[in-house]
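# Descriptive analysis of the structure
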Amino acid sequence: MNEREAMARALDLALRGWGRVQPDPLVGAVVIKGTEPVGEGWHPEYGDRHAETVALADAGEGARGATLVVTLEPCTHHGKQPPCTDAIIRSGVTRVVAAMRDPNPLAAGGCERLREAGIEVEIGPLGDAAAAMNAAFLHRLRNPGRPFVALKLATTLDGRIADAFGGSRWISGDAARDYVQWLRAGFDAIAVGGRTARLDDPALTVRGSVLPKAAPRRVIFDRIADLGPHLTLLRTAHETPTVVVVAPDADRTRVKRIASTGATIVQAGSLSGALASLSEQGIGSLLVEGGGQLAGALLAAGLVDRYYWLQAPLWLGEGGVPAVAGLPTRGLDQAERWRVVERRPLDNDTLLVLDRR
Ligand code: AOF
Ligand code: ZN
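None of these values were measured; they are calculated from a predicted model.

Turning next to the coordination of the zinc ion (ligand 2). Under perfect tetrahedral coordination by four donors, a metal shows angles of 109.5 degrees; under perfect octahedral coordination by six donors, it shows angles of 90 or 180 degrees. Ligation of the zinc ion (ligand 2) by protein atoms is provided by His50 (ND1), Cys75 (SG) and Cys84 (SG), these donors lying 2.0 to 2.2 Å from the ion. Each of the four donor atoms bound to the zinc ion (ligand 2) contributes to angles spanning 96 to 122°, and the resulting shape is tetrahedral. One chain supplies every donor for the zinc ion (ligand 2), spaced along it as H-x24-C-x8-C. Per residue, the accessibility class of Cys75 equals that of Cys84, and both read buried.

This next bit is on the domain arrangement of the protein. Assigned domains within the protein: domain 1 (3-135) and domain 2 (146-355). Centre-to-centre separation of domain 1 and domain 2, based on C-alpha positions: 34 Å. Taken together, the contacts link nine residues of domain 1 with 13 residues of domain 2. For the pair domain 1 and domain 2, the summed buried area comes to about 990 Å², and 59% of that belongs to carbon and sulfur atoms. Looking at the side of domain 1 facing domain 2, the largest losses of area belong to Trp18, Arg20 and Gln22, adding up to 55% of the total buried there. The interface formed by domain 1 and domain 2 contains one salt bridge. Note that Glu45 is salt-bridged to Lys213, the shortest N-O span being 3.0 Å.

Moving on: the pairing of strand β2 (residues 36-42). Where strand β1 (residues 28-33) meets β2, six bridges bridge the pair, whose relative direction is antiparallel. Note on β2: the bridge partner recorded for Ala29 is Gly41.

This brings us to the sheet that holds strand β10 (residues 242-246). Reading across the sheet, the nine strands line up as β11-β10-β9-β8-β12-β6-β13-β16-β15 and stay open at both edges, with mixed pairing between neighbours. Either end of the sheet is taken by a strand with one partner, and the two such strands are β11 (264-267) and β15 (338-346). Neighbour to neighbour, the strand axes of the sheet diverge by 20° on average, direction disregarded. Bridging between strand β9 (residues 217-221) and β10 involves four bridges; their strand directions are parallel. By the bridge assignment for β10, Arg218 is matched with Thr242. Along the sheet, helix α11 (residues 271-280) makes contact with β6 (148-155), β9, β10, β11 and β12 (285-288), crossing β9 at roughly 160°.

Counted as a void, the largest pocket has a volume near 1400 Å³. Forming the boundary of the largest pocket are 50 residues, of which Val192, Thr196, Glu289, Gly290 and Gly291 lie nearest the centre. Looking at the lining of the largest pocket residue by residue, the classes come out as 25 nonpolar, 13 polar and twelve charged. Volume-wise, the second largest pocket comes out at about 680 Å³. Forming the boundary of the second largest pocket are 37 residues, of which Trp18, Ala132, Met133, Asn134 and Arg306 lie nearest the centre. Elements with a contribution of two residues or more to the lining of the second largest pocket: α1 (3-14), α5 (127-133), α6 (135-142), α7 (174-185), β13 (306-311) and β15. For the lining of the second largest pocket, the element with the most residues is β15, which contributes five residues. Its residues assigned to classes, the lining of the second largest pocket shows 21 nonpolar, seven polar and nine charged. Residues from two domains meet in the lining of the second largest pocket; each of domain 1 (3-135) and domain 2 (146-355) gives at least three.

Here we take up the packing of aromatic side chains. The full count for this structure, using the stated rule, is six aromatic pairs. An angle of 15° between the planes, with centres 4.5 Å apart, marks the rings of Trp18 and Trp182 as stacked. Here Trp18 is found in the loop between α1 and β1, whereas its partner Trp182 is found in helix α7, with 164 residues between them in sequence. Residue classification places Trp18 among the buried residues on the basis of a relative accessible area of 11%. The class for Trp182 is partly exposed, based on a relative accessible area of 22%. Three or more aromatic residues joined by ring pairs form one cluster here, namely Trp18, Tyr179, Trp182, Phe187 and Tyr308. Directly above the aromatic system of Trp42 lies the positively charged group of Arg16, at a separation of 4.8 Å from the ring centroid.

Rules and cut-offs
Residues numbered from 1 in each chain as written. Chains lettered and ligands numbered in written order. Predicted model: local features only at pLDDT ≥ 70, side-chain atom pairs only at ≥ 80, totals over all residues. Heavy atoms only, no water. Donors = N, O, S within 2.8 Å, 3.2 Å for Na, K, Ca; no water. Tetrahedral: all angles 85-135°; square planar, octahedral: opposite > 155°, others 65-115°. Buried < 20%, exposed > 50% of the residue type's maximum accessible area, 1.4 Å probe, protein only. Domains from an automatic or database assignment. Contact = heavy atoms within 4.5 Å. Buried area = accessible area lost by both parts, 1.4 Å probe. Salt bridge = Lys/Arg side-chain N within 4 Å of Asp/Glu carboxyl O. Pairing = 2+ DSSP bridges. Helix = DSSP H or I, 4+ residues; strand = E, 2+ residues; numbered from the N terminus. Axes fitted to C-alpha atoms, helices over the stretch in contact; angles between N-to-C directions. 1 Å grid on protein atoms, 1.4 Å probe; cavity = no way out; pocket = protein on both sides within 12 Å on 5 of 7 lines; lining within 4 Å. Points joined across faces, edges and corners; volume = space filled by probe spheres on them. Nonpolar A, V, L, I, M, F, W, Y, C, P; charged D, E, K, R; others polar. Phe/Tyr/Trp six-rings, centres within 6.5 Å; stacked < 30°, edge-to-face > 60°. Lys NZ or Arg CZ within 6 Å of the ring centre and 35° of its normal.

As structure tokens, this is what we get:
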């Protein structure tokens, strides 16, 4: 196993913390001696041990003279855990390879600290993959005023999310649905627009292989506050916290009826105002699952950071419901181009993960 392979392994290990570590980052680490892996670990849970200390403990005496390969620059601070740099220096590791620096000012500076102690440090291998994995963590440090917003849409080849007859449930296959369950676990909240809440009556709960440390909250964007208390999201608002975003001039009686289900009401005059309020309520990452109106409005306002596109191999034609509505017309020379982060087959469907440049 060379250092690059060790970093790829460390990234895989880091993902085992998905759903358990937010708002802290996913981190994985591998200790190699020559080309022999002698220890590995990951940050398993918010507040729990850091990846480096787990990997070093796994390596034991094997760490002496070895190389520590880790997906994030080791921390220097006393937080919920002691500084990883101290553990690394004690371990006898002589070289550290980190995929990226830690932009958290509280934890940063590990690189310098280790070099002062005579340890060789390299930063950078697979840095893009490490950054993509921790996009929400990085967003929070750069832009704490609004949540990291990801849009997830399962569409047909012709970009439809429902047929002309109201059917929208089974566009993608089982593997794509399992993936969405996994995806949800890593977000602070899952959102839909009011129309989708009324038509699909979704539960937006996590029912997959990862049990999130805290169940994601549910958010409904419904300016007109036209949500009946029988909707699943409102019926279960006492079990799983639910936020309803309404316009300041929404009908008072309707708003009261929604509030009486136990849902929290957020009044906002704009989408960016709504996101700022959600962020104040502790929602640092939001997965938006449609519908087309909400998706289009967020995209048009430049408020989507990441796009998870599940494309299913069928088409529904002109009468089908478009995945994204109301985007302004663009010429090719002006079109917003997104960066491909991941591309993966999920049985017959295709996952495409895109980031805004
Ligand atoms: C590492 N290795 O595995 C992780 C790091 O409160 P604490 O002590 O858990 O520190 C959290 C901060 O430390 C977090 O915001 C990030 O900057 C860094 N996380 N650092 O060396 C790890 N999870
Ligand atoms: Zn640490």
